[in-house]
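Tertiary structure, described
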Amino acid sequence: MATYYLYGTILTNEAVAANNRGDNLGNTTTLQKVFHQDDLHTSVSGETIRFSMRYRFQLENPKSVNRTYHPDSGKLEYADEKRQNWDPTKDVFIDDDLMGFMDAEAAAKEKEEEIEEDELTATDKPTKGKKEKPKGKTTKRQSPLAVGRAISLRPYRGELSFNCVSGEKKKGQLSLYSAEMHTTEYQYSFGLNLNDVVKKQHIGNFIDAIIDPPPVAGNHSRFAYDFSPASIIFRFTNAHSSRIQNCFEHDIANQTYTLQKLIRRVEAGDISASELIVGGDVYHTEEGQKLQELQVKIFPGVYAAAQQVRQQIAAIGGDYKVVGEK
């Protein structure tokens, strides 16, 4: 049976990123950074994006998720933490289905027993024979969904804000602090193995979450940064490699972005134009028109692109038909 994948790369709108009260270096609140194309860029983890998706599933239907986040307490609760009721032939939680899980408690318990045994004195240990220890068991499901780090389109140039703690000042404590900021777009990529999704309707839920995510931010979500796509590129394919990961590049000369790398790959035949669905602001650019000339399906809006992806997945037939339903 053919394996189907849905790959995507999202480019957000330009906005100011910060992480007030996040990780500190001295009295400066920092942004995470990576080197990309030989320059320093700010970054947001893929786990943060996955958390946002999971939280959206919870907001839509609290009973659909196994892990529930409670904002007031900051704690997580599980409907079935040990996955004792995991049965792919029955109804499954959407977060377990798309994002997988792992319970290593039994294996951890075995390790603890080994440490306790090692801490016994030599006289306490048996002199003959060796006690057979039960092996730990890890309950797990590999995630069909992979989400890459979000990387700033523009290099980081050292933007800082200087602030003063409000309220009563305490002797010996710093009242002045600074926070790194970055005015940029972010791009991130994902890959979803459609065959490994147990309940195919969850594919549609995932597409909805990509198009309209809740806030994605740093510690405590203290800054508002819209992670919804200004432009999005989907690739629906049987190919095992994405080839569209981080395909937006910063055009320094024109202070915008370019998709020349993607266009070259389509022209070379490394990516079939029939596998690409593009939507959003890129439609109105010269490169968007070039993609249209190459017979790529391209739409002025991201919702239209998402609906096209739904229809193409539903056209596989069988259980995939539910993906086309809205």
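Residues numbered from 1 in each chain as written. Predicted model: local features only at pLDDT ≥ 70, side-chain atom pairs only at ≥ 80, totals over all residues. Heavy atoms only, no water.

**Quick look at the packing of aromatic side chains**
Between two aromatic rings, the relevant description is the distance of the centres plus the angle of the planes. Operational definition: To pair, rings of Phe, Tyr and Trp, with the six-membered ring standing in for Trp, must have centres within 6.5 Å; the planes then decide the type, stacked if under 30 degrees apart, edge-to-face if over 60, and tilted in the middle. The buried label applies to any residue whose accessible area, calculated with a 1.4 Å probe on protein chains only, is under 20% of its type's maximum; exposed applies above 50%, and partly exposed to all values in between. Only DSSP runs of H or I reaching four residues or more are called helices, and only runs of E reaching two or more are called strands; each is numbered from the N terminus. Lysine and arginine charges are scored as sitting over a ring when NZ or CZ, respectively, is within 6 Å of the ring centre and within 35 degrees of the ring normal.
On inspection of all chains with the given rule, the structure shows 14 aromatic pairs. A ring pair is formed by tyrosine 5 and tyrosine 7, whose centres lie 5.6 Å apart and whose planes are at 10°; its orientation type is stacked. Each member of the pair, tyrosine 5 as well as tyrosine 7, carries the same accessibility label: buried. A centroid spacing of 5.2 Å and a plane angle of 80° characterise the contact between phenylalanine 51 and tyrosine 69, whose relative ring orientation is edge-to-face. Taken together, the residues phenylalanine 51 in helix 1 (residues 46-60) and tyrosine 69 in strand 7 (residues 67-70) connect sequence positions 18 residues apart. By way of ring pairs, the aromatic residues Tyr186, Tyr188, Tyr225 and Phe227 are connected into one cluster. Here lysine 33 stacks its cationic end above the ring of tyrosine 156, 5.3 Å away from the centre of that ring.

**Focus on the nonpolar core**
What counts, and what does not: Residues grouped as a nonpolar core are buried Ala, Val, Leu, Ile, Met, Phe, Trp, Tyr and Cys residues, joined through side-chain atoms within 4.5 Å. In this analysis, two residues are considered to be in contact whenever any of their non-hydrogen atoms come within 4.5 Å of each other.
Membership of the largest hydrophobic core comes to 40 residues, with the highest contact counts inside it found for Met53 and Ile313. In this structure methionine 53 touches Met99, Leu145, Val147, Phe206, Ala209 and Ile210, once residues within four positions along its chain are discounted. If you look at the next biggest cluster of nonpolar residues, it comprises 21 residues, including Ile233, Leu262, Val282 and Leu291.

**A closer look at the side chain of aspartate 97**
Take aspartate 97: it is sitting in helix 2 (residues 94-99). Excluding residues that lie within four positions of it along the chain, aspartate 97 makes contacts with Val92, Arg141, Pro144, Asp196, Val197, Val198, Lys199 and His202.

**Regarding the packing of helix 4 (residues 201-211) against helix 7 (residues 302-314)**
Geometrically, a packed helix pair is captured by the angle between its two axes and the distance between the axes. Rule in force here: Helix axes use the C-alpha atoms of the stretch in contact, all axes being lines fitted to C-alpha atoms, and the angles between their N-to-C directions lie in the range 0 to 180 degrees. Convention used here: angles under 35 degrees read as roughly parallel, angles over 145 as roughly antiparallel, angles from 65 to 115 as roughly perpendicular, and any remaining angle as oblique. Helix crossings are classified by the rotation of the near helix relative to the far one: an anticlockwise turn of less than a right angle makes the crossing left-handed, while a clockwise turn makes it right-handed. Any residue outside Ala, Val, Leu, Ile, Met, Phe, Trp, Tyr, Cys, Pro, Asp, Glu, Lys and Arg is labelled polar, Gly included; the first ten of those are nonpolar and the last four are charged.
Their axes nearest at 10 Å, the elements helix 4 and helix 7 cross at an angle of 165°. What the angle tells us is that helix 4 and helix 7 run roughly antiparallel. Like other packed secondary-structure pairs, helix 4 and helix 7 cross with a definite hand, here right-handed. Here helix 4 contributes Ile203, Gly204, Asn205, Ile207, Asp208 and Ile211 to the contact with helix 7, which in turn contributes Val302, Tyr303, Ala306, Val309, Arg310 and Ile313. When its residues are assigned to classes, the contact of helix 4 with helix 7 shows 8 nonpolar, 2 polar and 2 charged.

**Regarding the pairing of strand 1 (residues 5-12)**
The criterion, for reference: The criterion for strand pairing is that DSSP finds at least two bridges linking the strands in question.
Of all 8 residues making up strand 1, 8 are buried, and the element is well covered by its neighbours. Burial of strand 1 is two-sided: the residues Tyr5, Tyr7, Thr9 and Leu11 facing one way and the residues Leu6, Gly8, Ile10 and Thr12 facing the other way are all buried. Bridge count between strand 1 and strand 15 (residues 186-193): 7 bridges; the pairing is antiparallel. Residue pairing for strand 15: leucine 11 is matched across the bridge by glutamine 187. Alignment of strand 1 against strand 16 (residues 229-237), held across 8 bridges, turns out to be antiparallel. Note on strand 16: the bridge partner recorded for threonine 12 is proline 229.

Interpretation note: all reported values are geometric properties and have no functional meaning in isolation.
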